[in-house]
Amino acid sequence: PYSNIKRRVNNMEKAELQEVVEFFAVSWNKNLSTNELTLMVKNFWPYMKDLNKLDVMSTIQEMSMGRKWAPRPAELRVATMSKATGEELPPEPEEAWAILQSISQKIYGGMYNYKKPHPVLGETIRRLGGANATSLHTNGDRDTFISMYVKVREEHILSNYGFEGK
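This section reports on the structure supplied with the text.

Calculation rules
Residues numbered from 1 in each chain as written. Predicted model: local features only at pLDDT ≥ 70, side-chain atom pairs only at ≥ 80, totals over all residues. Heavy atoms only, no water. Helix = DSSP H or I, 4+ residues; strand = E, 2+ residues; numbered from the N terminus. Expected span 1.5 Å × (residues − 1). Buried < 20%, exposed > 50% of the residue type's maximum accessible area, 1.4 Å probe, protein only. Contact = heavy atoms within 4.5 Å. Phe/Tyr/Trp six-rings, centres within 6.5 Å; stacked < 30°, edge-to-face > 60°. Lys NZ or Arg CZ within 6 Å of the ring centre and 35° of its normal. Core = buried A, V, L, I, M, F, W, Y, C linked by side-chain atoms within 4.5 Å. Arc of directions from axis to C-beta. Axes fitted to C-alpha atoms, helices over the stretch in contact; angles between N-to-C directions. Parallel < 35°, antiparallel > 145°, perpendicular 65-115°, else oblique. Left-handed = near helix turned anticlockwise from the far one by under 90°. Nonpolar A, V, L, I, M, F, W, Y, C, P; charged D, E, K, R; others polar. Salt bridge = Lys/Arg side-chain N within 4 Å of Asp/Glu carboxyl O.

A separate point is unusual backbone geometry. Phi is mostly negative for residues that are not glycine, and the peptide bonds are mostly trans. Even without being a glycine, Asn29 presents a positive backbone phi close to 55°. Checked against the element boundaries, Asn29 lands in the loop between α2 (14-27) and α3 (34-48).

So, in structure tokens, the structure goes:
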């Protein structure tokens, strides 16, 4: 997926990033002094410099429609790149647990036509013993699953949305 975004790269200039940060602030009703704006541009730069300005602004617009709190720069980066590549982000850990439970119920009910899980969930299931992972159901099992899933999800996000060369 990261290679897909490389085709869309339009390295942002600092002046463009300032526009993005101003739009970001307005989208979450934050008044910024000149010093705060300068500091935000400086701190957003590592996350946004290789992204397309219009992609970032479009993502800000979408995120501000449904979120009470502004995202961190890394969250904005991941959301922008996901949107630009069309890749579905992995579900949050609790949602992944619920999906695993749903798949388990279908399998034990004799149904094998469930929707293929996100690759991150699929890899977590594989690391937890494949089909044996469908027998997880206790609170302890959930904690074990979530711990493993968080690691796999983090690896996926760093690999697909991280910084070039890292």
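Glancing now at α3. The end-to-end C-alpha distance of α3 is 20 Å, a good match for the 21 Å that 15 residues give at a rise of 1.5 Å each. Those residues of α3 not exposed but buried are Leu37, Met40, Val41, Phe44 and Met48. Where α3 is buried, its residues contact α2, α4 (53-66) and α5 (73-85).

Right, let's get into the packing of aromatic side chains. Considering all chains together, one arrives at 4 aromatic pairs under this definition. Here Phe24 and Phe44 contribute two aromatic rings whose centre-to-centre distance is 5.1 Å and whose plane-to-plane angle is 70°, an arrangement assigned as edge-to-face. Taken as a pair, Phe24 in helix α2 and Phe44 in helix α3 lie far apart in primary sequence, 20 residues in all. With a relative accessible area of 4%, Phe44 lands in the buried category. Ring geometry for Trp97 and Phe145: centres 5.5 Å apart, planes at 50°, overall tilted. Of this pair, Trp97 sits in helix α6 (residues 93-108) while Phe145 is found in helix α8 (residues 139-161), placing the two residues 48 residues apart along the sequence. Residue Phe145 is classed as buried on the basis of its relative accessible area of 0%. Members of the aromatic cluster, connected to one another through ring pairs, are Phe24, Trp28 and Phe44. Above the ring of Trp45, the side-chain terminus of Lys14 is found at 5.0 Å from the ring centroid.

Judged by nonpolar contacts, the single largest core of 22 residues is most densely connected at Leu17, Phe44, Met48, Val56 and Leu76. For this core, the secondary-structure elements that each account for two or more residues are α2, α3, α4, α5 and α8. When residues of this core are assigned to their parent elements, the largest contribution, 5 residues, is made by α3. Among residues more than four places away in sequence, those in contact with Val56 are Met12, Val20, Met48, Leu51, Leu76 and Thr80.

Right, let's talk about helix α7 (residues 119-127) for a bit. Residues three or four positions apart in an α-helix share a direction because the helix packs 3.6 residues into each turn. If you check which residues of α7 are buried, you get Val120, Leu121, Thr124 and Ile125. Axial view of α7: buried residues confined to an arc of 140°, hence all on one face. Counted as exposed and oriented over 90 degrees from the buried face of α7: Pro119 and Arg126. On the buried face of α7, the contacting elements are α6 and α8.

With that settled, the discussion passes to the packing of α5 against α8. The contact between α5 and α8 brings their axes to 10 Å, and the two run at 70°. On the basis of the axis angle, α5 is roughly perpendicular to α8. The interaxial crossing formed by α5 with α8 has left-handed handedness. Contact with α5, carried on its side by Arg77, Val78, Met81 and Ser82, involves Ile157, Asn160 and Tyr161 of α8 and no other residues of that element. The class makeup of the residues in the contact of α5 with α8 is 4 nonpolar, 2 polar and 1 charged.

Turning our attention to the pattern of salt bridges. Counted under the stated rule, the structure contains 9 salt bridges. With a shortest N-O distance of 2.8 Å, Arg77 and Asp50 are connected by a salt bridge. Highlighted residues: Arg77 in helix α5 and Asp50 in the loop between α3 and α4, separated in sequence by 27 residues. What makes Asp50 buried here is its relative accessible area of 14%.

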